[in-house]
Number of protein chains: 2
Amino acid sequence: MHAFDGGVPHERATAALGAPGFSRASARRRGHRLSDDPGPHAQTLAPTIATSGSGLVARLHAVGEERYHDKHPFHQRLVAGALNRDQVRAWVANRYYYQKQIPVKDAAVLSNLPSAAHRRVWISRIFDHDGSGGERGGTVSWLGLARAVGLDEDEVLSERAVAPGTRFAVDAYVTFARTRPWIESVASSLTELFGPPVMERRIAAIIEKYPWIDPAGLAYFEDRIPLARRDADSALAWVLEEATTPEIEQRCVEALRFKCDVLWCILDATALASGVFA
Amino acid sequence: MHAFDGGVPHERATAALGAPGFSRASARRRGHRLSDDPGPHAQTLAPTIATSGSGLVARLHAVGEERYHDKHPFHQRLVAGALNRDQVRAWVANRYYYQKQIPVKDAAVLSNLPSAAHRRVWISRIFDHDGSGGERGGTVSWLGLARAVGLDEDEVLSERAVAPGTRFAVDAYVTFARTRPWIESVASSLTELFGPPVMERRIAAIIEKYPWIDPAGLAYFEDRIPLARRDADSALAWVLEEATTPEIEQRCVEALRFKCDVLWCILDATALASGVFA
């Protein structure tokens, strides 16, 4: 699971290219109301790209190696067990605003997608965060983490603990999704390529280093890991299919850098608000 | 000139209320093409509000006392002479992005104003920054400061030194101006109430503490002080006129807090990017 840690994780990228892109079986299992007939464009949604795009895949992974938020001092202190309770709480309360806005961002992307077939795939992300068919979504799970670290739910919902810098960064992400060409928004979501191993390390670190946190609160990350892999697979397939010119490739790389900057700035704001950079 | 420094500057606020709001004579002197006939709504643009709004004026000034960016550690180090050359350059290069976007913000406000009479007043702000009739504007003056601190103009224009956090904060300000009710955007501009004394202290500190900076580069601030006073006077008159309910008052106070957060986050990002918070 640490395959991303040194250099470009070529094996993982290759595996992603051969993946089905989106598992409707697992979506049904989670209660998503996706059509059984993905339509005539289904072929374009999960292309088999064995011989092209490897340069772009390497460039995308290089962005993660350089600036995914697991490199941020705040995150490094989190997994080292070096944060105090108020600092952990500041992280959960600030990131709540990001969690809350993810489905807003995904709805904005949805509104710009070029076909019903694309929308059938992407819409699952909104169910994942908002919940569906009696299943809690990611936002509710995040509030479970908030309770597990000792935060009052109403206080979190009030957003009083959200630093302005967090808000500006998250709002920039939503604006990006509303206003940029859809493939750039999809490319910006590819931080999910880097998320699963980081979430696994984060879970292990929290269980080991913060015994005062109820492990039941970690369900968000446990639920999220397979979904992130699924979402990254399908988004990567679309990006590889659409990035047919060096200019589009470049814009996709820049979109992913932008998204890393969003996540990084959330931790900057969290660190400043909680005295980590005092 | 330090009347703002301790408690609520009541004398200054009262003076502002009695001011004409906008001097067309000085606008003409600066080459602005404002109509000589301000139209039937002119009276509403510079009301004489002697008996109302004093509670709101106090609340607005309290926002500045609490969170105007002269309280930020980066600014405090700037005026104390404690920044090194690269840190001063980081400030100038980051704030360039703010300067560049001010007329964009003002054009967004302009597009939401309720009358030609309002637009005749506000449009001067765009000339002030973009230049007009052969007079350089504020953005060109800011590039003069960039040269004075040893920055290459093309490097500044490339925006490579603009931290993502600076960009997110400034973009949030432009989005605010595009999307909020016009009186909130006008209220958000009231940081100019607090600017002139801070600019005067900043000029003195730079001359005294940073002898390596060519004082000719300080023209931006010297030009800006009277314009900021003029703009603050007219904007405050509009806010006092429009804030006829506690709800609108509250939204105007929150708009000014938001704007202070924008300026504060620019310095957060600048400090983080230049090692001041290392």
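Residues numbered from 1 in each chain as written. Chains lettered and ligands numbered in written order. Predicted model: local features only at pLDDT ≥ 70, side-chain atom pairs only at ≥ 80, totals over all residues.

Trainee: Describe in detail the overall build of chain A, supporting the description with residues and values.
Mentor: For chain A, the count of helices and strands is 14 helices and 0 strands. For chain A, the sequential pattern of α-helices and β-strands runs α-α-α-α-α-α-α-α-α-α-α-α-α-α. Buried positions account for 47% of the 278 residues belonging to chain A. Considering only contacts within chain A whose residues lie at least 6 apart along the sequence, 83% involve residues at least 24 apart. (Helix = DSSP H or I, 4+ residues; strand = E, 2+ residues; numbered from the N terminus. Buried ≥ 20, exposed ≤ 12 C-beta atoms within 10 Å, placed from the backbone. Contact = placed C-beta atoms within 7 Å.)

Trainee: For the relation of the copies chain B and chain A, give the residues involved together with the corresponding values.
Mentor: Copy one and copy two of the chain differ by a rotation about an axis and a translation along that axis. Superposing chain B onto chain A requires a rotation of 180° together with a translation of 0.0 Å along the rotation axis, leaving an RMSD of 0.0 Å. One copy is carried onto the other by what is essentially a two-fold rotation axis. Mapped onto chain A, 100% of the interface residues of chain B are again interface residues, and the two copies thus contact each other with one and the same surface. (Least-squares fit on C-alpha atoms with pLDDT ≥ 70 in both.)

Trainee: Requested: an account of helix α8 (residues 138-148) of chain A, with residues and values cited.
Mentor: Residues and elements named next belong to chain A. Every buried residue belonging to α8 is among Gly138, Ser141, Trp142, Leu143, Leu145, Ala146 and Ala148, and all of these are buried. Tucked inside the fold, the buried residues of α8 contact α6 (85-112), α7 (116-130), α9 (153-158) and α13 (219-242). Phi turns positive, to about 90°, at glycine 150, one or two residues after α8.

Trainee: Run through the packing of helix α6 (residues 85-112) of chain B against helix α14 (residues 246-273) of chain B, naming residues and quoting values.
Mentor: Residue and element names in this part refer to chain B. As a packed pair, α6 and α14 sit with axes 9 Å apart at the nearest point and diverge in direction by 145°. Along this stretch, α6 crosses α14, giving a crossing that reads as right-handed. Contact with α6, carried on its side by Ala90, Trp91, Asn94, Arg95 and Tyr98, involves Ile266, Ala269, Thr270 and Ala273 of α14 and no other residues of that element. Partitioning the contact of α6 with α14 into residue classes produces 6 nonpolar, 2 polar and 1 charged. (Axes fitted to C-alpha atoms, helices over the stretch in contact; angles between N-to-C directions. Left-handed = near helix turned anticlockwise from the far one by under 90°. Nonpolar A, V, L, I, M, F, W, Y, C, P; charged D, E, K, R; others polar.)

Trainee: Run through the packing of α8 of chain A against α13 of chain A, naming residues and quoting values.
Mentor: All names here are of chain A. Taken N-terminus to C-terminus, the directions of α8 and α13 make an angle of 145°; their axes are 8 Å apart at the nearest point. Taking contact as the criterion, the partners of Gly138, Ser141, Trp142, Gly144 and Leu145 in α8 are, on α13, Ala219, Tyr220, Asp223 and Arg224. Partitioned by chemical class, the residues of the contact of α8 with α13 number 4 nonpolar, 3 polar and 2 charged.

Trainee: Go over the interface of chain B and chain A, please, and point to the residues and values.
Mentor: Between chain B and chain A, the contact holds 12 residues from the first and 12 residues from the second. When contributions to the side of chain B that touches chain A are tallied by element, the ones reaching two or more residues are α10 (164-179) and α14 of chain B. Sort the elements by how many residues they give to the side of chain B that touches chain A and α10 of chain B lands first, with 7 residues. Residues that form the side of chain B that touches chain A fall into these classes: 7 nonpolar, 2 polar and 3 charged.

Trainee: A description of α7 of chain A should follow, citing residues and the corresponding values.
Mentor: Residue and element names in this part refer to chain A. Given a rise of 1.5 Å per residue, 15 residues ought to cover 21 Å, and the 21 Å separating the end C-alpha atoms of α7 matches this to within 8%. Its maximal kink placed at tryptophan 122, α7 deviates by approximately 25°. Along α7, the residues that are buried comprise His118, Arg120, Val121, Trp122, Ser124, Arg125, Ile126, Phe127, Asp128 and His129. Taken from the residues just after α7, glycine 131 is the one with a positive phi, measuring 90°. (Expected span 1.5 Å × (residues − 1). Bend = angle between axes of the 7 residues up to and from the residue.)

Trainee: Residue-level account of the environment of glutamate 65 of chain B, with values.
Mentor: Assignment of secondary structure puts glutamate 65 of chain B in helix α4 (residues 54-67). Counting along the chain gives 129 residues from glutamate 65 of chain B to phenylalanine 194 of chain B, while the straight-line C-alpha distance between them is 8.7 Å.

Trainee: An account of the environment of serine 158 of chain B is needed here, citing residue identities and associated values.
Mentor: Among the secondary structure elements, serine 158 of chain B is positioned in helix α9 (residues 153-158). Note: C-alpha distance between serine 158 of chain B and alanine 93 of chain B (65 residues apart in sequence) is 9.9 Å.

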